[in-house]
Amino acid sequence: MDTSHGYSSDVAFTPSVKAVQTRRGSRRAYGRMEERGSWKTRITPDLAEFIAAQTSIFIATANKEGRPYIQHRGGPPGFLRVLDDQLIGFAEFTGNRQYITQGNLADNPKAHLLLLDYARRRRVKIWGEARVVEGHAELTAMLMPEGYKARAEQAILFTVTAWDANCPRHIPQRFDAADVAAALAERDQRIEALEAELSRLRLVETPALS
């Protein structure tokens, strides 16, 4: 199959990857996906909504020698901000001050975001390039979640190259503790209301003693 045409998925499907896909029998299916338009390169409204709901993400970078590093970033919903249809930003909170991600990005701007929704078993992979913005108080303040008790040192801006949402297989279903607590509280309120209604009905149905 001719692979000379450029596709957005080429950010991940390198010639070596395509050779493995050919050998293992999946290249034809992915070739059809490419011909239908390949992966999206712009942030759609659905993806923007998914991004805004995230409280925990992973960002992958690599140094100039190609050694990878994956770092967790978290915050309240909305800490990961869509700035336009190709740009995502977030504030960097003070941490252990190793600055591995920042150092890697200084050598190699290519980066990757992995977003997981365990409750709904959804996974989104985003390829792109990232840069650290230091000394821009206005941008950092704009990206800082309102009321969040953390100190922001700087900002990271991530320009999307391509993204893909793939199957939920093997994603364990887990629920946020706050969501579980809210669901249990709602259940308890419902039980209390039903018990009160049952008691009222019993009083109505009980014949008065003469």
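Residue positions within a chain follow its written sequence, with the count starting from 1. In keeping with the predicted nature of the model, local features appear solely for residues at pLDDT of at least 70, side-chain atom pairs appear and are counted solely at 80 or more, and the whole-chain, interface and lining totals rest on all residues. Here the side-chain values reflect all heavy atoms present in the structure, with hydrogen atoms and water set aside.

This part covers the overall build of the protein. Within the protein one finds six helices and seven strands. Listed by position from the N terminus, the elements making up the protein come as α-α-α-β-β-β-β-α-β-β-α-β-α. We compute the radius of gyration from the C-alpha atoms alone; for a globule the expected value is 2.2 Å times N to the 0.38, where N is the number of residues. For the protein, whose C-alpha radius of gyration is 24 Å, the value lies well above the compact-globule estimate of 17 Å for 210 residues. Across its three principal directions, the C-alpha atoms of the protein cover 95 × 50 × 30 Å. By the burial criterion, 32% of the 210 residues in the protein qualify as buried. In this description a helix means any DSSP run of H or I spanning at least four residues, a strand means any run of E spanning at least two, and both kinds are numbered starting from the N terminus. The cut-offs for exposure are 20% and 50% of the maximum accessible area for each residue type, with area from a 1.4 Å probe on protein chains only; residues under the lower value are buried, those over the upper are exposed, and the others partly exposed.

Right, let's talk about the packing of aromatic side chains for a bit. Classification of ring pairs rests on two measures: the distance between centres of Phe, Tyr or Trp rings, Trp counted by its six-membered ring, which must be within 6.5 Å, and the angle between planes, read as stacked under 30 degrees, edge-to-face over 60 and tilted in between. According to the stated counting rule, one finds five aromatic pairs in the structure shown. Judged by centre distance (6.5 Å) and plane angle (70°), the rings of F79 and F90 are edge-to-face. Pair noted here: F79 is in the loop between strand 2 (68-74) and strand 3 (81-84) and F90 is in strand 4 (residues 87-93), with a separation of 11 residues, a long-range link. Note on F79: relative accessible area 2%, which makes it buried.

With that settled, consider a nonpolar patch on the surface. To count toward a patch, a residue needs a relative accessible area above 30% and no salt bridge. Like charges then connect within 9 Å, nonpolar side chains (Val, Leu, Ile, Met, Phe, Trp, Tyr) within 5 Å. Each accessible area is a Shrake-Rupley estimate made with a 1.4 Å probe; only the visible protein chains count as cover when residues are assessed. Each reported salt bridge corresponds to a side-chain nitrogen of Lys or Arg within 4 Å of a carboxyl oxygen of Asp or Glu. On the surface, F175, V180 and L184 cluster together into a nonpolar patch covering about 270 Å² of accessible area. Among the secondary structure elements, F175 is positioned in the loop between strand 7 (152-166) and helix 6 (177-205). Look at F175 and you get exposed, because its relative accessible area is 53%.

Before going further, it helps to spend a moment on helix 3 (residues 45-52). Every buried residue of helix 3 is accounted for by L47, F50 and I51. The buried residues of helix 3 occupy an angular sector of 100° when the element is viewed end-on, so they sit on one face. Projecting away from the buried face of helix 3 at angles above 90 degrees are the exposed residues P45, D46 and E49. On its buried face, helix 3 is in contact with strand 3, strand 4, strand 5 (110-117), strand 6 (122-133) and strand 7. This arc is taken over the directions from the axis of the helix to the C-beta atoms. We call two residues in contact when some of their heavy atoms are within 4.5 Å.

So, about the sheet that holds strand 5. Across the sheet, which stays open at both edges, the seven strands sit in the order 2-1-5-6-7-4-3 with antiparallel pairing between neighbours. In this open sheet, the two edge strands, each paired with only one partner strand, are strand 2 and strand 3. Taking the axes of each pair of neighbouring strands and ignoring which way they run, one obtains an average angle of 35° across the sheet. In short, DSSP must find at least two bridges between two strands for them to pair. Bridge count for strand 5 against strand 6 is eight bridges, and the pairing is antiparallel. Axes, fitted as lines to C-alpha atoms, cover a helix only where it is in contact. Angles between the N-to-C directions of the axes lie from 0 to 180 degrees.

Purely geometric numbers; function is a separate question.
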